[in-house]
There are 6 protein chains.
Amino acid sequence: MRILVVNVNTTQSITDSIGEQAAGAASRGTEIVPLTPSFGAESVEGNYESYLAAVAVMETVRAYPEPFDAVIQAGYGEHGREGLQELLDVPVVDITEAAASTAQFLGRTYSVVTSLDRTVPLIEERLHAAGLRARCASVRASGLAVLDLERDEEAAVEAIVEQAAQAVEIDRAEVICLGCGGMSGLTERVVERTGVPVVDGVSAAVTIAESLVRLGLTTSKVRTYAPPRPKRIVNWPPQAG
Amino acid sequence: MRILVVNVNTTQSITDSIGEQAAGAASRGTEIVPLTPSFGAESVEGNYESYLAAVAVMETVRAYPEPFDAVIQAGYGEHGREGLQELLDVPVVDITEAAASTAQFLGRTYSVVTSLDRTVPLIEERLHAAGLRARCASVRASGLAVLDLERDEEAAVEAIVEQAAQAVEIDRAEVICLGCGGMSGLTERVVERTGVPVVDGVSAAVTIAESLVRLGLTTSKVRTYAPPRPKRIVNWPPQAG
Amino acid sequence: MRILVVNVNTTQSITDSIGEQAAGAASRGTEIVPLTPSFGAESVEGNYESYLAAVAVMETVRAYPEPFDAVIQAGYGEHGREGLQELLDVPVVDITEAAASTAQFLGRTYSVVTSLDRTVPLIEERLHAAGLRARCASVRASGLAVLDLERDEEAAVEAIVEQAAQAVEIDRAEVICLGCGGMSGLTERVVERTGVPVVDGVSAAVTIAESLVRLGLTTSKVRTYAPPRPKRIVNWPPQAG
Amino acid sequence: MRILVVNVNTTQSITDSIGEQAAGAASRGTEIVPLTPSFGAESVEGNYESYLAAVAVMETVRAYPEPFDAVIQAGYGEHGREGLQELLDVPVVDITEAAASTAQFLGRTYSVVTSLDRTVPLIEERLHAAGLRARCASVRASGLAVLDLERDEEAAVEAIVEQAAQAVEIDRAEVICLGCGGMSGLTERVVERTGVPVVDGVSAAVTIAESLVRLGLTTSKVRTYAPPRPKRIVNWPPQAG
Amino acid sequence: MRILVVNVNTTQSITDSIGEQAAGAASRGTEIVPLTPSFGAESVEGNYESYLAAVAVMETVRAYPEPFDAVIQAGYGEHGREGLQELLDVPVVDITEAAASTAQFLGRTYSVVTSLDRTVPLIEERLHAAGLRARCASVRASGLAVLDLERDEEAAVEAIVEQAAQAVEIDRAEVICLGCGGMSGLTERVVERTGVPVVDGVSAAVTIAESLVRLGLTTSKVRTYAPPRPKRIVNWPPQAG
Amino acid sequence: MRILVVNVNTTQSITDSIGEQAAGAASRGTEIVPLTPSFGAESVEGNYESYLAAVAVMETVRAYPEPFDAVIQAGYGEHGREGLQELLDVPVVDITEAAASTAQFLGRTYSVVTSLDRTVPLIEERLHAAGLRARCASVRASGLAVLDLERDEEAAVEAIVEQAAQAVEIDRAEVICLGCGGMSGLTERVVERTGVPVVDGVSAAVTIAESLVRLGLTTSKVRTYAPPRPKRIVNWPPQAG
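As a convention, each chain's residues are numbered from 1 in the sequence order in which they are written. Note on labels: chains are lettered from A, ligands numbered from 1, in written order. The predicted origin of the model limits local features to residues at a pLDDT of at least 70 and limits the giving and counting of side-chain atom pairs to 80 or more, whereas totals for whole chains, interfaces and linings rest on all residues. Excluded from the side-chain calculations are hydrogens and water; all other atoms, namely the structure's heavy atoms, are used.

**Q** Summarise the pairing of strand β1 (residues 2-7) of chain D; cite the residues concerned and give the values.
**A** Residue and element names in this part refer to chain D. By the criterion of burial, β1 is predominantly enclosed, with 5 of the 6 residues buried. Two strands pair under a simple rule: DSSP has to find at least two bridges between them. Helix and strand assignments follow DSSP, with helices taken as H or I runs no shorter than four residues and strands as E runs no shorter than two, numbered in order from the N terminus. Two elements, β1 and strand β2 (residues 31-35), share 5 bridges in a ladder whose sense is parallel. Among the inter-strand pairings, Val5 is bridged to a residue of β2, identified as Pro34. Here, the term right-handed applies to a crossover whose path from the first strand over the helix to the second runs clockwise when the strands point away from the viewer. Between β1 and its parallel partner β2, the chain crosses via helix α1 (residues 12-25), and the hand of that crossover is right-handed. Note that β1 and strand β4 (residues 70-74) share 5 bridges and pair parallel. When the bridges of β4 are listed, Leu4 appears paired with Val71. Each residue is placed in one exposure class: buried if its accessible area under a 1.4 Å probe, protein chains only, is under 20% of its type's maximum, exposed if it is over 50%, and partly exposed if it falls in between.

**Q** For α1(D), give the residues involved together with the corresponding values.
**A** In a helix, the anticipated span is given by 1.5 Å times the number of residues less one. Given a rise of 1.5 Å per residue, 14 residues ought to cover 20 Å, and the 20 Å separating the end C-alpha atoms of α1(D) matches this to within 8%. Those residues of α1(D) not exposed but buried are Thr15(D), Ile18(D), Gly19(D), Ala22(D) and Ala25(D). Seen along its axis, α1(D) keeps its buried residues to an arc of 125 degrees; they face one direction. Away from the buried face of α1(D) by more than 90 degrees, exposed residues Glu20(D) and Gly24(D) are located. We call two residues in contact when some of their heavy atoms are within 4.5 Å. Those residues of α1(D) that are buried are in contact with α9 (201-214) of chain C together with β1, β2, β4 and α9 (201-214) of chain D. Taken from the helix axis, the directions to the C-beta atoms give the arc we talk about.

**Q** Go over the relation of the copies chain A and chain F with me, naming the residues and quoting the values.
**A** The fit set for superposing copies consists of C-alpha atoms from residues with pLDDT of at least 70 in both; the fit itself is least squares. The transformation that overlays chain A on chain F combines an axial shift of 0.0 Å with a rotation of 180 degrees, and the residual RMSD is 0.0 Å. Taken together, the rotation angle and the small translation identify this as a two-fold axis. The position closest to the rotation axis in chain A is occupied by the C-alpha of Pro238(A), lying 2.8 Å away. Comparing contact sets, 100% of the residues at the interface of chain A also lie at the interface in chain F, consistent with an isologous, same-surface contact.

**Q** Go over the packing of aromatic side chains with me, naming the residues and quoting the values.
**A** Here a pair means two rings of Phe, Tyr or Trp (six-membered ring of Trp) with centres within 6.5 Å. Their orientation is stacked below 30 degrees between planes, edge-to-face above 60, and tilted elsewhere. The final tally for this structure, using the stated rule, is 24 aromatic pairs over all chains. Centroid distance Trp236(B) to Trp236(C): 6.0 Å. Interplanar angle 75 degrees. Geometry classified as edge-to-face. With Trp236(B) in the segment after β10 (233-234) and Trp236(C) in the segment after β10 (233-234), the pair connects residues from two separate chains. With a relative accessible area of 9%, Trp236(B) lands in the buried category. Between the aromatic rings of Phe39(F) and Trp236(F), the centroid separation amounts to 6.0 Å while the plane-to-plane angle is 90 degrees, which identifies the pairing as edge-to-face. In this pair, Phe39(F) is assigned in the loop between β2 (31-35) and β3 (40-41) and Trp236(F) in the segment after β10 (233-234), connecting sequence segments 197 residues apart. Of the two residues, Phe39(F) and Trp236(F), both sit in the buried class. Linked through ring pairs, Phe39(A), Trp236(A), Phe39(F) and Trp236(F) together constitute an aromatic cluster.

**Q** Please set out the relation of the copies chain D and chain C residue by residue, giving values where relevant.
**A** The transform that puts chain D on chain C rotates by 180 degrees and translates by 0.0 Å along the axis, for an RMSD of 0.0 Å. Taken together, the interface assignments show that 100% of the residues at the interface of chain D recur at the interface of chain C, consistent with an identical surface on both copies.

**Q** Help me get a handle on the interface of chain A and chain F, residues and values and all.
**A** Listed per partner, the contact involves 50 residues of chain A and 50 residues of chain F. Put simply, buried area is how much 1.4 Å-probe accessible surface two parts lose in total, over both of them, once they are put together. Both faces combined, the contact of chain A with chain F buries some 4,300 Å², and carbon together with sulfur accounts for 53% of it. A per-residue breakdown of the area chain A buries against chain F is headed by Tyr48(A), Tyr51(A) and Arg118(A), which together make up 19% of the total. Salt bridge, as applied in this entry: a Lys or Arg side-chain nitrogen positioned within 4 Å of an Asp or Glu carboxyl oxygen. Our enumeration of links across chain A and chain F arrives at 10 salt bridges.

Structure follows, in structure tokens:
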């Protein structure tokens, strides 16, 4: 089984990290193919960059030679999963949705903890779009951006852990989904501080994609995700830079 | 990995059938242990029987010697999953919830089609309890009971297929979850008639339970599913009949 | 008119106390019959014990000789009312629901204050099941269990009163439903501190049950609460211990 | 105990009929005082007339000499109950809300059936305002007005009965609340046709008002229904015509 | 184009102020006609006064000679807009709704900040009635009444500004609607403190009324806002005092 | 005042038509600038094309020389408005949202009628994103695509009119928003058949954009629509083809 795992931003080191995380969760016999879009923001934070990432991810997948068995969109709270589902028959799994869907099997409510405050509304809307918001206790942000993280990882980790603890104690979350990655020891620290299960979106998405493939299930083509109608697309895709 | 798959009713032939379905979906290395409760209704249809099944399933699992890695409650729209989660650390997966959660990755909306009209409200409430009702287009029943099925399986299958078709055409469902089992060729007939993916709850539950175990995730013990407090339980469990 | 008031736990002294509360609210000519289940937890706190109580209450009522005119399930946030409704034609009233329904006639919003934190989700779900959650401002817990209460009743009362005050001031509740009983002077203390009406579930349930009987209304048998279909129930009910 | 039952329109014969219905539901020792407003529409159908009725009912109650123990506003889907609650400490019960609250104890869902189509939105909003809309399966109208009724009562009754049957069969209502009165044999006909319990709002309101009084409960004065602040009211109330 | 702007209370100086605000927002060629009701409270704060204002505004408009092109009801969270819509074909715009509708074009969420705590529920219900509550982050009150304002305007302004800041920081509002008027410099102070757009309801209502008129749109008469049916209205309207 | 009106697809004749519609609704002194994206689908029908249109519209606006006072995104149910709001301080108005917001001032509920069935979910989500779905009675499609329209306009118009009539009669819509354009006489035909007001999104958007500009209101920059953070965007925008 071959699963494409597409980063939403154009930073190769993040793709590498996502690929490792995915490979670690994959079953024997599953090939993880990490992909970086050929255009877009180095890190996606907000609607403009997220819409750009949506089309970049779609073009990346369209350009990848078949066959493959499933696609994972590896970005937290990003636009675009619906478009991929139109283009493909194979299952498409968004990591925000995979994490929430998994969390719901472990506790009555869950919270998402992310870094930047401005991504909170995007995550909330993504959970709505997937029908997974009813049991979301909160989406919380530490207020620190990726750049802050690079400057002082320890402070960034501490800020995230603190929000997770507040989600459990104040918002009554019973599971935490981490909507930010790349920080060493983050999961362990959150588990230690809160005592609740912590779900990683990339890992969850890999197991869900594998499950859908094993069950022989593919995207419904009856209405929302029907293939695009044949028509003229002008000046697209862009020529490689 | 060992997964207990507990039937909600006391009819052994149904347990056998569920066990086969589960084994067919399991990965190599997963041992499926089908269990039948020692008390309760031969078929569960309605609240009284469902509450009885809830405690029967719990006692069945309590009586089963450890170790095991996950438990699947194999009944559609039944009470009790929350109680099992209190008693266990390992993941507990209800097949109604597993089917809906899986369906949401395949289409924007899903419907559940079941046999008896009186189970519709129970299924709706189970989906609510799991935070999975927002994208449920409808829960439809054919109006035929299990006994009708035995008398004329072809009529029963046709009635289910007809409701599935109406779910897709009238309620705008994009995926069908089958909340009734044991009819030969039912899934194929629904796929053929509606053209949408059809999800079987037992199979979906097996892949989800396996995924949770592989990811090392266990039930949150922080509030709703904390272990029962130590106390005196009078005259329980009942002596085996 | 004869009304059965069934305790959800197996502690006789609590049944006595509930019986007194019910008798105090009953009209002349109403006979209150307090009942204790023959099996189950000495105090019900959580899903496992609550599911067990659900079937214990049902068996207690089934074993009680007719005639009787209504049944009250006297437990806060417990499972099972729907099962009783299947078994009986006469009205069934849950005290959680009776309190909330009554509170809604007195103020725009209400809060429930209970003792143990882990029962909060059960109460929330019970209010949902009864269609009474829209005007629920909050369900708050003092964090003290029944055992704490026995050790230091004054501290327990003070903790409850404090939560009630926060419900009014922070959550904007206009009425308080007390989801915990047996503490002397509790109602008066909450009224005094908050200035809002306080509803006791047992008393409210008695007046509602009486009203339904007087109006000649019985449980709808058309779908959800239709009588169980005739079928074989294996090894049930258990033999008396 | 003295309960004022205030008609929303100015037709004395309707007041008489409401008074009889209320007296029939009252306990021994309860005095029912039927009141007709001194101004307003002969029959209230729509927002303009309903707002007028709201202030007319309030002035009628203000003009009535104390003491009295509760007030019932006897109109289906009308404005104004909140204003009465500000003016009074004693309980105020709206018949739309009383019927729905009562119906919820009898079945999982209920429908309201009324005569004029234009009152459907008002009833829906009244149910929302009372926090009682979650379990409302539908509000249906026969499309016949009061005048039609006078011309051909049998046709009016038949049209209502037909809508009730559709509410049960199509909308899955398990209880019917009748939002129109004065037709002979209407309740019996609906029960006979649908097989579900039928709730009359006036009768339900009487038992609820009596219950609140017996429990010593009064309207919360903490926020929404606090008494009007002292201030100058210009040219009001109007001089009697 | 002539637009009636009807104050909900009977204080002429407030009518003058509203008229000025409206005129400032009007296009060239639009005539603003400020009107004061002939009866009712000097300031409307609560349900009783608001229901009274509803009928007073309706009678004021009924008594005003045609032609006019639109009507604005200038009160925050008041009853009555639906009645005006029945009486008129021309557009009717409520300032609470106009502000919220406008705010939604400027940010993902908005909060309303008002003076008296008791008006919060009325504003929430008005937003619900208009289908505009989904993006309302909060309705907050400073707790100061109009009389407090007269005694110490600076304190009143400061209290409002503080609530606006908390709406932005705690409730995550992105736009503020001011539900209280007449304080000098209030808008500027809120903008300065919060950095978010601030919407004034009267100004917003004028532009919406003008737009509806320019587009040739009138109130739908198909159901909810159909004209009152011809019938006898007793003792109404009252004779001028 | 200069308002950019950006078509979502790349067909110039549609841009011309939109431009005419916008100019017809604009006040004197407002300059309407119709724009066609330089890349994307000739007609946008579905998620892939809509995401592509989102970025094409953003790049079109970014490339247009300032100053301008507002931007209208002229597509029904399309992605992207949130991205434009990040890029700009001036108001951004989506025509789907403008139509719904306007409709809500005219009737209690509204329906949207569009051509292709597959765009229904996109329109529903767009209304959700704008907080305008609570009063949406339905989104209905005629099932005919643009190509069908070209083949037989009369049939296309009739199909749309029929859906509008069903929206009013079955779904109880009181206003119709037309989510498809370019058919001669369509609005008049719908008004004639249904008797309810019909709102055109482009015209509504022009008046709303003008109103926001006149009131001096700009997009909130506090969180969701904050400007993109400075960062490297790779290979974007594409070189003109």
